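Spelled out, the chains give:
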Amino acid sequence: MDQQAQTNKRNVTFLVIVAALGYFVDIYDLVLFSVVRIKSFTEIGISAEHMRTEGEYVINMQMFGLLLGGLLWGIIGDKFGRIKVLFGSILMYSLANIANGFANDVHTYAIIRFIAGIGLAGELGAGITLVTETMDKEKRGYGTMVVAGIGLLGAAAAATIGKHFTWQTSYFVGGGMGLLLLLLRVGTFESGMFKNAEQDKAVSKGNFFMLFSDRKRFLKYLACICLGLPLWFIVGILVTQSPEIGKALGTKELLNPGTGIMYTYFGIAIGDVVCGVLAQVLRSRKKTVLIFQGLSVITVIIYLTSTGLTESNFILICLFMGFAVGYWATFVTIAAEQFGTNIRSTVTTTAPNFVRGALIPITFVFELFVHRYDIVSAAFIVMGILTVIAMLSVASLKESFNKDLNYLEQ
């Protein structure tokens, strides 16, 4: 191997590591509210009967921020470069998390989570776009697998710190980690594909409306979003509202959502690695995602039929539910591979954040079924609807494994 090849290999390795650490901090901050919801709300004076609904209000504000931020950072990534997104987004959500430690009422809390959500929206899309455009097409699945596998352990860190320290300190730690990571990012480099596309002044870059101007392109984009819906429903509702679901199942002890989040993300991290390897072995991302979606249905059925659920059984179920929806990195990789370089960052950044933001209407529908039936029945119904939508979406997309990504959308 010549000197230039060795240098390129080191640069790519460094890029993957920095992207993975960025996603680690991103996930830490993203799930921290779910971990410290009860502790922080108790201290700022939220009553027990309003704990769940005020929690939905705050997390929906965060998700709304993710929706807007996904659009903002995606366009910036295609117009001005992926690196600028990596710097700007982490600076915004790091400062927001430090500010969050000083919140003393639910409305201030919600506004800060909205700002943090905008910042959090840019991290994963920019990182995955850089990795997929930089690595060899035969191996890029391994790169995105490493990013997700390491990154998702940020949830375990959030659960651990949230358990042993005050909720204020937990937010300060998240902000501090993000600011430290900025120093590492000084050595990262821009995507070659983006640089080539940047030279072509005649091609529209970061034009979000391109995704709607062509029916075929729009349906492909919609399918990329819909295939990830079950994952965030499991994390954002089934695990986050585990105290309420556990009560309906007749648990003798209050289930801890922080512990549930930690083990769910342990499972997702393991699942992402297995999913990435399986996709390489099968040479098909579509088949792999369908397998994992089927597993997710089985694990949710086990969870929602576990009457008298104990804490230890809850941990095991969260671990397996997390594993079953551990196709997050593969989902984002599929989105990146479906579109040309001039709108790839826009798609790869907006798609996962629209999935996260979809928690707003999903929560609304879930609440309608909760009031009509009960919380367990509502969970069954919504999970069933989302899984059908997700599987049909996967089936509608073309296989993108080993696809050459060096092209432009016209």
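Residues numbered from 1 in each chain as written. Predicted model: local features only at pLDDT ≥ 70, side-chain atom pairs only at ≥ 80, totals over all residues. Heavy atoms only, no water.

With an unreviewed UniProt entry as reference, the protein is termed MFS transporter, source organism Pedobacter kyungheensis.

Enquirer: Outline the packing of aromatic side chains, listing residues and values.
Expert: Tallied over the entire structure, the rule returns 23 aromatic pairs. Ring centres 6.4 Å apart and planes at 85° place the aromatic pair F212 and Y221 in the edge-to-face group. Classification of F212 by relative accessible area gives partly exposed; the value is 41%. In this structure Y221 comes out as buried when scored by relative accessible area, which is 2%. Summarising the aromatic geometry, the rings of Y263 and F266 are spaced 5.8 Å apart at their centres and angled 65° between planes, so their arrangement reads as edge-to-face. With Y263 and F266 both in helix 14 (residues 257–282) and 3 residues apart, this pair spans about one turn of that helix. Judged by its relative accessible area of 26%, Y263 is partly exposed. (Phe/Tyr/Trp six-rings, centres within 6.5 Å; stacked < 30°, edge-to-face > 60°. Buried < 20%, exposed > 50% of the residue type's maximum accessible area, 1.4 Å probe, protein only. Helix = DSSP H or I, 4+ residues; strand = E, 2+ residues; numbered from the N terminus.)

Enquirer: Quick one: what's the story with the pattern of salt bridges, residue by residue and with numbers?
Expert: What the rule picks out here adds up to 3 salt bridges. Where R344 meets E133, a salt bridge forms, and the shortest distance between an N and an O atom there is 2.8 Å. A residue pair is termed long-range when its members are at least 10 positions apart, and R344 in helix 18 (residues 341–357) and E133 in helix 5 (residues 123–134) qualify at 211 residues. Classification of E133 as buried rests on a relative accessible area of 6%. (Salt bridge = Lys/Arg side-chain N within 4 Å of Asp/Glu carboxyl O.)

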